[in-house]
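Analysis of the macromolecular model
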Amino acid sequence: MATVKLWTDAEADAHPEVKAVFDDIRATRKSDFVNNFWRGLANDPAHLKRIWGQLKEIMVADSAIDPLTKEMVYIAVSVANGCSYCIHSHTAAAKAKGMTDAQHGELLSIIGLAGQTNHLVTAMQIPVDPQFEVKG
């Protein structure tokens, strides 16, 4: 159960700032669907607008990283942070962008291995090799 109110479309339509963001979400995604994350953020319209703007700049805009890779990175970080909602939403987005079942399985293997080796190196307090240090 949410800890904040999830805005309905009628409530969003009555608030110009929220309506503008919801309309932009729909236009950007070419869908009528506005997911619950945005509906929860609508309780603070300025925050809603700011986070949506950041998401568009980082996840939607053309960049050096392709859209599917961005979604797969988002899945990995969401797993590391234990965010079930983001795991589900970004897995759906990655699949919509062409992620295959084989790619998803391999991604999960990488995430599992990285988590395991991260814990081991942390437990053993292994110093970073000089060759891995960033030079000037």
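See above for the structure.
Attention here is on the structure that accompanies the text. Just so it is clear, the structure is predicted and the values come from calculations on it, not from any experiment.

Thresholds, definitions, all that
- Residues numbered from 1 in each chain as written.
- Predicted model: local features only at pLDDT ≥ 70, side-chain atom pairs only at ≥ 80, totals over all residues.
- Heavy atoms only, no water.
- Helix = DSSP H or I, 4+ residues; strand = E, 2+ residues; numbered from the N terminus.
- Rg over C-alpha atoms; globule rule 2.2 N^0.38 Å.
- Buried < 20%, exposed > 50% of the residue type's maximum accessible area, 1.4 Å probe, protein only.
- Contact = heavy atoms within 4.5 Å.
- Areas by Shrake-Rupley, 256 points an atom, 1.4 Å probe, with all protein chains shown as cover.
- Lys, Arg positive; Asp, Glu negative; His and termini not counted.
- Charge placed at Lys NZ, Arg CZ, Asp CG, Glu CD.
- Patch = residues over 30% accessible without salt bridge, like charges linked within 9 Å, V, L, I, M, F, W, Y side chains within 5 Å.
- Salt bridge = Lys/Arg side-chain N within 4 Å of Asp/Glu carboxyl O.
- Expected span 1.5 Å × (residues − 1).
- Arc of directions from axis to C-beta.

When helices and strands are tallied, the protein chain shows 7 helices and 0 strands. Listed N to C, the secondary structure of the protein chain is α-α-α-α-α-α-α in terms of helices and strands. Relative to a compact globule of 136 residues, whose C-alpha radius of gyration would be 14 Å, the protein chain shows 19 Å and is clearly more extended. Along the three orthogonal principal directions, the C-alpha set of the protein chain runs to about 55 × 40 × 30 Å. A total of 136 residues make up the protein chain; the buried ones form 25% of that total. Within the protein chain, contacts between residues at least 6 apart in sequence are counted, and of these 47% link residues at least 24 apart. Surface summary for the protein chain: the accessible area is close to 9400 Å², and the carbon and sulfur share equals 62%. Computing the positive centroid from 13 side-chain charges and the negative centroid from 16, the protein chain places the two 3 Å apart.

For the rest of this paragraph, the subject is a nonpolar patch on the surface. Nonpolar side chains collect at one region of the surface, where Leu120, Val121, Met124 and Ile126 lie side by side and expose about 360 Å² of accessible area between them. With respect to the helices and strands, methionine 124 occurs in helix 7 (residues 101–124). For methionine 124, a relative accessible area of 55% gives the class exposed.

So, about helix 2 (residues 16–29). Over its 14 residues, helix 2 extends 20 Å from the first C-alpha to the last, a length consistent with the 20 Å expected when each residue adds 1.5 Å. Residues Val18, Val21, Phe22, Ile25 and Arg26 constitute the buried set of helix 2. What you see down the axis of helix 2 is that its buried residues fit within an arc of 135°, all on one side. Looking at the buried side of helix 2, the elements it contacts are helix 1 (9–13), helix 3 (36–41) and helix 4 (45–60).

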